[in-house]
Amino acid sequence: MDTSSDSQVLMARQPIFDRSQRVVAYELLYRDEQDTEHALFRGSGATREVILNSYTSISDQGSLKRVPAFINLTRDLLVSEDFPELPRKNIVIEILEDIEIDRELIIAVHRLAKAGYRIALDDFIYKAEAVPLLKMAHIVKVDVKGMSFDQVAEQVRLITPFKVTLLAEKIETVEMLEECNKLGFKLFQGHFLSKPKLVKGKKVDPNQAALFELVQELQNPNTTPERLEHLIIRDPVLTYKLLRIVNSAAYSLVRKVESLTEAIVMLGMAQIRKWATLIALNNQSGKPEEISRSLLVRGRMCEEVALAAKLSNHGSYFMTGMMSNLHLLLDIDQKTMLKEVPLSDDIKNAILYNEGQMGETLLHVGNYEAGDWDLLPSNFDANLYEACYRKALDWSKEAMQALNDLEM
């Protein structure tokens, strides 16, 4: 993609889940400030392929795969005679709720459906004039935010006769998720993963606390390999996995490394910090992989922004981003997690109050990820953040694959 100074392109993705809370697609959120006609997808096939590969390729339960992308297109682009050639297997075209339904639009959607594109109706509320679109649609997205259970049920009753797949979007509570599941929705989208059911009185597991103590020590610039060995060796699983990593083909060593101190020296502090943290994430069984994936993306994006801005101690930016939502894996509230996990005050204050450069970076990265681009400052460098986000996506895919390889 063109990331020159005159092309302000913003892109992010939001996961779409099935009933098992596995990612089956991503909705691509994007804005091209230089071209409101969405030239992002009108350009060369090579550019589109790069975009889709970066934003829809993931490591999922040990295998690399590409999931479909839901894409919003303007009315002008939908009815255009030179509609861009998009990969039909990997694209779901969303018809926005504010597009006027008339004969021209119905003909355009019919042409696209006949050409093999899957059609989704976005933020859909049943109305008679939408029946022609319902007959051609494959997926109908119902915005359940602000609706009562009875109102959602009424929409399901009206839409069900058209034999479409129902997607509940803007789910913000576990209760609404469960209700939509009962009503027959098969796909789900929203912030429900960020609001898990909290277990009252639950504490951080002692093994987890020990691992986070190690992560804290790794940030100490005066630590020694011997001190780290003392902390690592308390966890046999971590010891085994770190030795597996350093002896893997990725490091192409002439001889096997047998001691932890040797492994730490060989890998270096930066690598040990990341691997210990990734292993901590991977120990959270029973959680959707998207939580771990999103933590890695956020941590790495914070770090990439710090690197690009030549800020000091960029590893702490990684920890700030990743730890900001770690409580989602632990089923406890954020403040409890931060009290029990030994992190520096700078990182804790950045997470809790967006204090300092780390806190400011975390705030901007969070808004970018959510597609809340209007909340970003006026001097915001869109090209920098887009590049950092894409690097973070690619790195998280590789990291998730490496973690799964350790389990084999």
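Residues numbered from 1 in each chain as written. Predicted model: local features only at pLDDT ≥ 70, side-chain atom pairs only at ≥ 80, totals over all residues. Heavy atoms only, no water.

Draft legend 1. Here's a closer look at the overall build of the protein. The helix and strand inventory of the protein stands at 18 helices and ten strands. Counting across all 408 residues of the protein, residues that qualify as buried make up 52%. The long-range share in the protein, meaning contacts at least 24 apart out of those at least 6 apart in sequence, stands at 64%. Counting every atom, the protein has about 18,800 Å² of accessible surface; 51% of that belongs to carbon and sulfur. (Helix = DSSP H or I, 4+ residues; strand = E, 2+ residues; numbered from the N terminus. Buried < 20%, exposed > 50% of the residue type's maximum accessible area, 1.4 Å probe, protein only. Contact = heavy atoms within 4.5 Å. Areas by Shrake-Rupley, 256 points an atom, 1.4 Å probe, with all protein chains shown as cover.)

Draft legend 2. Representation of the packing of aromatic side chains within the structure. Under the defined criterion, the tally for this structure stands at eight aromatic pairs. Relative to tyrosine 117, the ring of phenylalanine 83 lies with its centre 5.7 Å away and its plane at 70 degrees, an arrangement referred to as edge-to-face. Of this pair, phenylalanine 83 sits in the loop between helix H2 (75–79) and strand S6 (91–95) while tyrosine 117 sits in the loop between helix H3 (103–114) and strand S7 (118–121), placing them 34 residues apart in sequence. Residue classification places phenylalanine 83 among the buried positions, given a relative accessible area of 16%. On the basis of relative accessibility, which here comes to 2%, the residue tyrosine 117 falls in the buried class. (Phe/Tyr/Trp six-rings, centres within 6.5 Å; stacked < 30°, edge-to-face > 60°.)

Draft legend 3. Looking closely at unusual backbone geometry. Positive phi values are uncommon outside glycine, yet aspartate 123 reaches one of about 45 degrees. Assignment of secondary structure puts aspartate 123 in the loop between S7 and helix H4 (131–136). For aspartate 123, a relative accessible area of 17% puts it in the buried group. The residue lysine 163 is not glycine, and still its phi comes out positive at about 55 degrees.

Draft legend 4. Representation of the packing of helix H12 (residues 289–308) against helix H13 (residues 314–323). For the pair H12 and H13, the least separation of the axes is 7 Å and the interaxial angle reads 150 degrees. As far as their axial angle goes, H13 and H12 are roughly antiparallel. Remark: the crossing between H12 and H13 carries right-handed chirality. Here Leu295, Arg298, Gly299, Arg300, Cys302, Glu303, Ala306 and Leu307 of H12 lie close against H13, whose contacting residues are His314, Gly315, Tyr317, Phe318, Gly321 and Met322. (Axes fitted to C-alpha atoms, helices over the stretch in contact; angles between N-to-C directions. Parallel < 35°, antiparallel > 145°, perpendicular 65-115°, else oblique. Left-handed = near helix turned anticlockwise from the far one by under 90°.)

Draft legend 5. Fine view of the nonpolar core. Core analysis: the biggest nonpolar cluster contains 123 residues, and Ile93, Met323 and Tyr368 have the highest contact counts within it. For this core, the element with the highest residue contribution is helix H18 (residues 382–407), accounting for ten residues. Not counting residues up to four positions away in its chain, the partners in contact with isoleucine 93 are Ile71, Leu73, Leu78, Phe83, Leu112, Tyr117, Arg118, Ile119 and Ala120. Within the second largest apolar cluster, eight residues are counted, among which are Ala25, Ala120, Ile139 and Leu187. (Core = buried A, V, L, I, M, F, W, Y, C linked by side-chain atoms within 4.5 Å.)

Read these as layout, nothing more, since geometry by itself doesn't imply function.
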